[in-house]
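Now for the letters of each chain:
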Amino acid sequence: MSGHEFPLSVSCQQTATKTSLLSETFFTLGFFFSSSREAHCASIEMVSKNIVFIHPDLGIGGAERSMIDAALALKTRGHHVQFVTSHHDPSHCFQETKDGSFKITSVGDWLPRKIFNRFYALCAYIRMIYAALYLVLFSSIDYDLIFCDQISACIPILRLKKTKIIFYCHFPDMLLTKRTSFFKKIYRAPIDFLEERTTGMADCVFVNSKFTGEVFNSTFKSLDHIHPEVLYPIPDFAALDKSVDPPTPELMPTKASTIFLSINRYERKKNLKLAIEAFGNLLEKCPNADVRLIMAGGYDPRVSENVEYYEELTSFADELKVADKITFVRSFTDAQKRTLLKHSDCLIYTPENEHFGIVPIEAMYMECPVIAMRSGGPLETVKDEETGFLCQSNADDVSNAMLKFVNEKQLSKTQGQQGKRRVKTMFSFAEFTERLDKIVIGLTE
């Protein structure tokens, strides 16, 4: 086995072999009946399946973006794709989920997201199980395969009907919370047990990076027979190839020598304070620098953490006396994202041990270099000192990297061009589509 990739799970291996044999057989027949060769290949590739993505909350985030891109990829191969979700707000979602690209069925949104400002995980599990019950027992939706995202607890319900299930593990949920009290340990024990057992019930498991794959294997001890397939969540670059609108004063500064950009949801785990603190350090090191920082991110007023953390960040900027040089953007359109990435000199990506991170990929494609943490997914995506810089998670190290863009005016352009070449070479949407389609066909044949 190569040290650079994970093998397919047992189910995926078997079905991939079947797919390979079928492909070789039809290819040979096409060769002997020469004029129909292309038609045969096309018919194999365009086998149409009914696929349902079941997702807890179709808002704006990396997980949601990766599922939409996977759905787009499968749709280009002729599959019929739709979503079942516990929540979908047309005013806070990606364009493809509201422009008719996919049918979206929202069920169970009346169920609570929290109880007494606690029990978020339990409520999320209940909402996802309810959506699964609707899909399997009460809906008229026809499906050949279910693509389950984030929460595996609903898989036993999905198993009530004989269908193949792919589970996408962005990161083990049991590692996303702390057990600081005896009560929290008791509360999490059955949830953690359920997560591990139900994850193992999927026919095929995807992870979003080699880093997550390693964490998966070290966390789920009872699933050592499963070797998840690494499927990088590659964006559909066609959306980034659209025309870029000029910047407006409401969106970003129009007069500054160097513009730094942060794009992440307003969540504490994204470590956004580090970007502001590093920016403050930069101004201490270079007081006369004509620099600006844009803090842009997904913001949902229904989510208390988004509201609280936004207020914390604005107060922190005031405390450091840099608020006049920082622009806060709460949620934005796809067109605004293109403008931000194209007209910024560098992206600052602050999450530590990020599972993958789709934003650095998008930034490099738009020729915007990336400063990221030296951990997790960015180790696989950002080439240190070529397409940006990998730093330790402290303000001094990050500000030193930022200072290079202030002092070296051509650095942003040079690294930006190298970043786009890297993305086009390593993260092809066409190859992503081909791999995903083969696995889907293999599982459903």
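The text that follows walks through the structure, step by step, so that each part is easy to find. (Residues numbered from 1 in each chain as written. Predicted model: local features only at pLDDT ≥ 70, side-chain atom pairs only at ≥ 80, totals over all residues. Heavy atoms only, no water.)

## Considering the overall build of the protein chain
Then, in step 1: Tallying secondary structure elements over the protein chain gives 16 helices and 13 strands in all.
Then, in step 2: Sorting the 445 residues of the protein chain into buried and exposed places 53% on the buried side.
Then, in step 3: Restricting the contact set of the protein chain to residue pairs at least 6 apart, pairs at least 24 apart contribute 69%.
Then, in step 4: Summing over all exposed atoms, the protein chain offers an accessible surface of approximately 20,200 Å²; the carbon and sulfur share of this is 54%. (Helix = DSSP H or I, 4+ residues; strand = E, 2+ residues; numbered from the N terminus. Buried < 20%, exposed > 50% of the residue type's maximum accessible area, 1.4 Å probe, protein only. Contact = heavy atoms within 4.5 Å. Areas by Shrake-Rupley, 256 points an atom, 1.4 Å probe, with all protein chains shown as cover.)

## Looking at the state of the cysteines
Then, in step 1: Counted under the stated rule, the structure contains zero disulfides.
Then, in step 2: Cysteine cysteine 346 shares no disulfide, and the gap to the nearest cysteine sulfur, in cysteine 368, comes to 6.0 Å.
Then, in step 3: Not part of a disulfide, cysteine 391 finds its nearest cysteine sulfur in cysteine 346, a span of 8.9 Å. (Disulfide = S-S within 2.5 Å.)

## Some remarks on unusual backbone geometry
Then, in step 1: Positive phi, close to 65 degrees, is recorded for asparagine 117, a residue that is not glycine.
Then, in step 2: Tracing the chain through its elements places asparagine 117 in the loop between β3 (103-106) and α4 (120-138).
Then, in step 3: Since its relative accessible area comes to 46%, asparagine 117 is described here as partly exposed.

## A look at the sheet that holds β3
Then, in step 1: Spatially, the seven strands line up as an open sheet ordered β3-β2-β1-β4-β5-β6-β7, and their pairing is parallel. Only two strands of the sheet have a single neighbouring strand rather than two, namely β3 and β7 (229-230).
Then, in step 2: Here two bridges tie strand β6 (residues 204-207) to β7, and the two strands are oriented parallel to one another. Pairing of phenylalanine 206 across the sheet is with glutamate 229, part of β7. (Pairing = 2+ DSSP bridges.)

## Regarding helix α11 (residues 334-342)
Then, in step 1: Looking at α11, one finds that the buried residues are Lys337, Arg338, Thr339, Leu340 and Leu341.
Then, in step 2: Residues of α11 that are buried in the fold lie against α8 (237-240), β8 (258-263), β9 (291-297) and α12 (358-365).

## Side note on the packing of aromatic side chains
Then, in step 1: Scanning the entire structure with this criterion turns up 20 aromatic pairs.
Then, in step 2: Consider the rings of tyrosine 266 and tyrosine 310, whose centres lie 5.6 Å apart with planes at 85 degrees: the pair is edge-to-face. One end of the pair, tyrosine 266, is in the loop between β8 and α9 (273-285); the other, tyrosine 310, is in helix α10 (residues 304-319), and 44 residues separate them in sequence.
Then, in step 3: Of the residues examined, tyrosine 266 reaches a relative accessible area of 1% and is grouped as buried.
Then, in step 4: In textbook terms, an aromatic cluster arises when at least three aromatic residues are bridged by ring pairs, as seen for Phe53, Phe83, Phe102, Phe147, Tyr168 and Phe206.
Then, in step 5: Above the ring of phenylalanine 94, the side-chain terminus of arginine 65 is found at 4.8 Å from the ring centroid.
Then, in step 6: Sitting over the face of the ring of tyrosine 299, arginine 330 holds its NZ or CZ atom 5.1 Å from the ring centroid. (Phe/Tyr/Trp six-rings, centres within 6.5 Å; stacked < 30°, edge-to-face > 60°. Lys NZ or Arg CZ within 6 Å of the ring centre and 35° of its normal.)

## Considerations on the packing of helix α3 (residues 62-76) against helix α16 (residues 429-444)
Angle between the axes and distance between the axes are the two parameters that describe a pair of packed helices.
Then, in step 1: In the contact formed by α3 and α16, the axes pass within 9 Å of each other and the chain directions differ by 75 degrees. As the angle between them shows, α3 and α16 are arranged roughly perpendicular. When α3 is examined against α16, the residues Asp69, Ala70, Ala73, Leu74 and Thr76 are found in contact with a partner set consisting of Phe429, Phe432, Thr433, Leu436, Asp437 and Val440.
Then, in step 2: Classifying every residue of the contact of α3 with α16 gives seven nonpolar, two polar and two charged. (Axes fitted to C-alpha atoms, helices over the stretch in contact; angles between N-to-C directions. Parallel < 35°, antiparallel > 145°, perpendicular 65-115°, else oblique. Nonpolar A, V, L, I, M, F, W, Y, C, P; charged D, E, K, R; others polar.)

## Topic: the side chain of glutamate 64
Then, in step 1: Position of glutamate 64 among the secondary structure elements: in helix α3.
Then, in step 2: Despite being buried, glutamate 64 has no salt bridge partner; arginine 265 is the closest side chain of opposite charge, sitting 4.9 Å away.
Then, in step 3: Here glutamate 64 is in contact with His55, Asp57, Leu58, Gly59, Phe94 and Gln150, once residues within four sequence places are set aside. (Lys, Arg positive; Asp, Glu negative; His and termini not counted. Salt bridge = Lys/Arg side-chain N within 4 Å of Asp/Glu carboxyl O.)

## Focus on the sheet that holds strand β12 (residues 370-373)
Then, in step 1: Taken in spatial order, the six strands make up an open sheet running β10-β9-β8-β11-β12-β13, and their pairing is parallel. With one partner strand each, in any of the chains shown, β10 (326-330) and β13 (388-391) form the two edges of the open sheet. Here the strands of the sheet are splayed against their neighbours by 20 degrees on average, with no regard to which way each runs.
Then, in step 2: The pairing of strand β11 (residues 346-349) with β12 spans three bridges and is classified as parallel. Within β12, the residue paired with tyrosine 349 across the bridge is alanine 372.
Then, in step 3: Contacts between α9 and the sheet are confined to β8, β9, β10, β11 and β12, with β9 contributing the most and set at about 180 degrees to the helix.

## Considering the pattern of salt bridges
Then, in step 1: Throughout the structure, instances matching the rule amount to 26 salt bridges.
Then, in step 2: One salt bridge connects aspartate 57 with arginine 302, and the closest N-O pair in it is separated by 3.6 Å. With aspartate 57 in the loop between β1 (50-55) and α3 and arginine 302 in the loop between β9 and α10, this residue pair connects regions lying 245 residues apart in the sequence.
Then, in step 3: Aspartate 437 is the partner of arginine 77 in a salt bridge, and the nearest nitrogen-oxygen pair spans 3.2 Å. Remark: aspartate 437 occurs in helix α16 and arginine 77 occurs in the loop between α3 and β2 (80-85); sequence separation between them is 360 residues. In terms of burial, arginine 77 and aspartate 437 fall into one category: buried.
Then, in step 4: Connected through salt bridges with shared partners, the residues Asp57, Arg113, Asp300 and Arg302 form a single ionic network.

## Regarding a nonpolar patch on the surface
Then, in step 1: Together, Leu137, Phe138 and Leu160 make up a nonpolar patch on the protein surface, roughly 360 Å² of accessible area in all.
Then, in step 2: By the secondary structure assignment, phenylalanine 138 is in helix α4. (Patch = residues over 30% accessible without salt bridge, like charges linked within 9 Å, V, L, I, M, F, W, Y side chains within 5 Å.)

## What to know about the environment of valine 81
Then, in step 1: Within the element layout of this structure, valine 81 appears in strand β2.
Then, in step 2: Considering only alpha carbons, one finds valine 81 and lysine 49, 32 residues apart in sequence, at a separation of 8.3 Å.
Then, in step 3: Those residues within four positions of valine 81 in sequence are excluded, and the remaining contacts are Ile51, Phe53, Ala71, Leu74, Lys75, Phe102 and Lys103.

## What about the pairing of β12?
Then, in step 1: Alternating positions in β12 separate into two faces, Val370 and Ala372 on one and Ile371 and Met373 on the other, with burial throughout.
Then, in step 2: Traced from β11 through α12 to β12, the parallel crossover comes out right-handed.
Then, in step 3: By the bridge criterion, four bridges tie β12 to β13 in an arrangement that is parallel. Bridging from a neighbouring strand, alanine 372 pairs with leucine 390 of β13. (Right-handed = clockwise from strand over helix to strand, strands pointing away.)

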